[in-house]
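The primary structure of each chain is shown beneath.
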Amino acid sequence: MKIIHIINSLESGGAEKLLLETLPYYNNSGIQADLLVLKDVDCPFMTALKAAECCSIYSLGKHSVYNPITIFKIIPFLKKYDIAHVHLFPTQYWVVLAKLFSFSKIKLVLTEHNTTNPRKENYFLRNIDRFFYRFYDKVVCVSEEILNTFQKYTRLEKTKFIKIENGINLNEIYKATPYLKSEISSLWKDQDILLIQVSRFSKQKDQKTVINALKFLPKEVKLLLVGDGVLRKSCENLVQKLDLNGRVIFMGLRMDIPQLLKTADISILSSNWEGFGLVAVESMAAGKPFVASNVPGMSDIVKGGGILFEKGNIKELVFFIEKLINNQSYYNEIANACKTKSKQYDIQFMEEKHLELYKKLLNK
């Protein structure tokens, strides 16, 4: 069995992190699973995957992922593999067109990582989108909500879709050693209360709600924002405007997320929407309270474990943070519930379901 995963790049994101963690497992399971990125970007995830030496990694160059010439560069790879497992737009379009132009018999699998996409709001693009979904042999949805949403959106038979929830390497979180808070910043004390949000700075995420909440919290409460993206500068400007410079650190892209989550006292994920928040599971597995906005793609993961607050509701977020800070028994209750809930999302469960799907497609 020869599988090739195809994605825009390995820059930061949940889909990218999944590939970093799952490709070594697939190859250890006795199948060949390789990676093709449309754009060669020097980034931490790519560096880590190369260092693992677990698979072949191919790149189509430095050009934009939206360049249609990409279609013809993909074609040779479709002749070498049994299944192409595709992630994200526009890769999901280019791979279908490459298959049509080459008359390839390769099986196509697409993973839907989010509950929505911008094309759904445009009548013309919506119909184009529906056309492309028809050519996938299976669409993997990382939650029941995504499955129901896209089955309705595409108007395809429900048998076209399968739910396979994402997972994380729990052992990597468990064995991580926290830093001293004073190691992160010489201005911080180890008795300070540390909040953390790990996410891209994008329209999907909502770091500004957390930043705004900080101004209503005691001065010993500090905030780590981990990640990068187009809206980072806007968030940095907000921190300056609110005079929170000494209390907020922008850490950029990091590969030591488990250690940082273990260092923090409370983990937060303020989002406008989600598909399946991997960082939610990582945060809960770290054994610290996790607080997230109550949006599609997040509520099912967090219920029974962490705390949900109304999207964008600064006052409610402040209320829960203060309750965790001031009530040790409540803090311990939520922390223990989070760790217990996270055990449902061991990455091995997800990987086994993917392998089962691949085998069924080839036997078919």
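Our structure is the block above this text.
Rules and cut-offs
- Every chain is numbered independently, its residues counted from 1 as its sequence is written.
- The model is predicted, so local features are restricted to residues of pLDDT at least 70 and side-chain atom pairs to those at 80 or more, both for listing and for counting; the totals for chains, interfaces and linings are taken over all residues.
- The side-chain figures draw on all heavy atoms in the structure; neither hydrogens nor water molecules are used.
- Put simply, the grid is 1 Å and covers the protein atoms alone, a cavity is a trapped set of points that fit a 1.4 Å probe, a pocket is an open set with protein on both sides within 12 Å along at least five of seven lines, and lining residues have an atom within 4 Å of a point.
- Grid points are joined across faces, edges and corners, and a volume is the space filled by probe spheres set on the points.
- Here a strand is any run of E in DSSP of at least two residues, a helix any run of H or I of at least four, and the numbering for each starts at the N terminus.
- Among the buried residues, those of types Ala, Val, Leu, Ile, Met, Phe, Trp, Tyr and Cys that are joined through side-chain atoms within 4.5 Å form a nonpolar core.
- Working definition: with a 1.4 Å probe on protein chains only, accessible area under 20% of the residue-type maximum means buried, over 50% means exposed, and in between means partly exposed.
- Residue contacts are defined here by distance: any two heavy atoms, one from each residue, within 4.5 Å place the two residues in contact.
- Charged residues are defined here as Lys and Arg on the positive side and Asp and Glu on the negative side; His and the ends of the chain fall outside this count.
- Whenever a carboxyl oxygen of Asp or Glu lies within 4 Å of a side-chain nitrogen of Lys or Arg, that contact is scored as a salt bridge.
- The rule for pairing is simple: two strands pair if DSSP sees at least two bridges between them.
- In this description, a line fitted to the C-alpha atoms serves as the axis of each element, helices being fitted only across the stretch in contact, and the angle between N-to-C directions of two axes falls anywhere from 0 to 180 degrees.
- Note that the arc is defined by the directions from the helix axis to the C-beta atoms.
- Pairs of N or O atoms are called polar contacts if they sit within 3.5 Å, as long as, within protein, a hydrogen donor faces a hydrogen acceptor (for residues adjacent in sequence, only side-chain-to-side-chain pairs).
- What counts as a ring pair is set by centres within 6.5 Å for rings of Phe, Tyr and Trp (its six-membered ring), and what kind of pair is set by the plane angle: stacked under 30 degrees, edge-to-face over 60, tilted for all other angles.

Engineer: Got a sec to walk through empty space enclosed by the protein? Specific residues and values, please.
Structural biologist: All chains considered together, the criterion is met by one cavity of 30 Å³ or more. For the largest cavity, the calculated volume is near 90 Å³. The wall of the largest cavity is formed by 16 residues, among which L18, H87, T111, M350 and H354 lie closest to the centre. Taken together, the elements giving at least two residues each to the lining of the largest cavity come down to α1 (14-28), β4 (83-87) and α16 (347-363). In terms of residues, the lining of the largest cavity owes the most to one element, α1, which gives five residues.

Engineer: With reference to specific residues and values, describe the nonpolar core.
Structural biologist: Ranked by size, the top nonpolar core spans 126 residues in total, and within it L10, L23, I74, L195 and F290 carry the most contacts. In this view, L23 contacts H5, A33, D34, L35, L49, C54 and C55; residues no more than four positions away in its chain are not counted.

Engineer: Go over the side chain of K341 with me, naming the residues and quoting the values.
Structural biologist: Tracing the sequence through the fold places K341 in helix α15 (residues 328-342). Here K341 sits buried without a salt bridge, and the closest side chain of opposite charge, D300, lies 7.5 Å off (N-O distance). Apart from the residues within four sequence positions on either side, K341 is in contact with M284, D300, I301, V302, K303, G304 and G305.

Engineer: Run through the sheet that holds strand β12 (residues 290-293), naming residues and quoting values.
Structural biologist: Across the sheet, which stays open at both edges, the six strands sit in the order β10-β9-β8-β11-β12-β13 with parallel pairing between neighbours. Every other strand in the sheet has two partners, leaving β10 (248-252) and β13 (307-309) as the edge strands with one partner each. Across the sheet, the mean angle separating the axes of adjacent strands is 25° when strand polarity is ignored. Pairing between β12 and β13: three bridges, direction parallel. Directly across from V291, in β13, lies its bridge partner I307.

Engineer: How would you explain helix α5 (residues 123-133) if you had to name every residue and give the values?
Structural biologist: Three- or four-residue spacings in an α-helix give side chains the same orientation, since the helix completes a turn every 3.6 residues. Buried residues of α5: D129, R130, F132 and Y133, and no others. End-on, the buried residues of α5 take up no more than an arc of 160°, which puts them together on one face. Within α5, the exposed residues directed more than 90 degrees away from the buried face are Y123 and F124. In this structure, the buried residues of α5 make contact with α4 (91-102), β5 (107-112), β6 (138-141) and α6 (144-154). For α5, the side-chain oxygen to backbone nitrogen distance between the N-cap and F124 is 2.9 Å, and the N-cap itself is N122.

Engineer: Explain the packing of aromatic side chains residue by residue, including any values.
Structural biologist: In this description, a pair of aromatic rings is defined by centroid distance and the angle of the planes. Within the structure shown, the criterion is met by 15 aromatic pairs. Judged by centre distance (6.4 Å) and plane angle (85°), the ring pair of Y133 and Y153 falls under edge-to-face. With Y133 in helix α5 and Y153 in helix α6, the pair connects residues that are 20 residues apart, well separated along the chain. Here Y153 falls in the buried class, since its relative accessible area comes to 6%. Ring centres of F276 and Y345 lie 5.4 Å apart, and the angle between their planes is 70°; this geometry places the pair in the edge-to-face category. With a gap of 69 residues between them, F276 in the loop between β11 (266-269) and α12 (278-285) and Y345 in the loop between α15 and α16 connect regions that are remote in the sequence. Each member of the pair, F276 together with Y345, is buried. In textbook terms, an aromatic cluster arises when at least three aromatic residues are bridged by ring pairs, as seen for Y66, F89, Y93, F131, F132 and F135.

Engineer: Describe in detail the sheet that holds β4, supporting the description with residues and values.
Structural biologist: Remark on secondary structure: sheet strands pair via backbone hydrogen bonds, oriented parallel or antiparallel. Strand order across the open sheet formed by seven strands is β3-β2-β1-β4-β5-β6-β7, with parallel pairing between neighbours. Two strands bound the open sheet, and with one partner strand each, they are β3 (57-59) and β7 (161-163). Neighbour-to-neighbour, the strand axes of this sheet turn through a mean angle of 25°, independent of strand direction. Relative to β4, strand β1 (residues 2-7) is paired through four bridges, and the arrangement is parallel. Along β4, the bridge assignment pairs I6 with V86. Sheet strands touched by α1: β1, β2 (32-37) and β4. Its angle to β2, the strand with the most contacts, is close to 150°.

Everything listed here is a matter of coordinates, which is why it stays silent on function.
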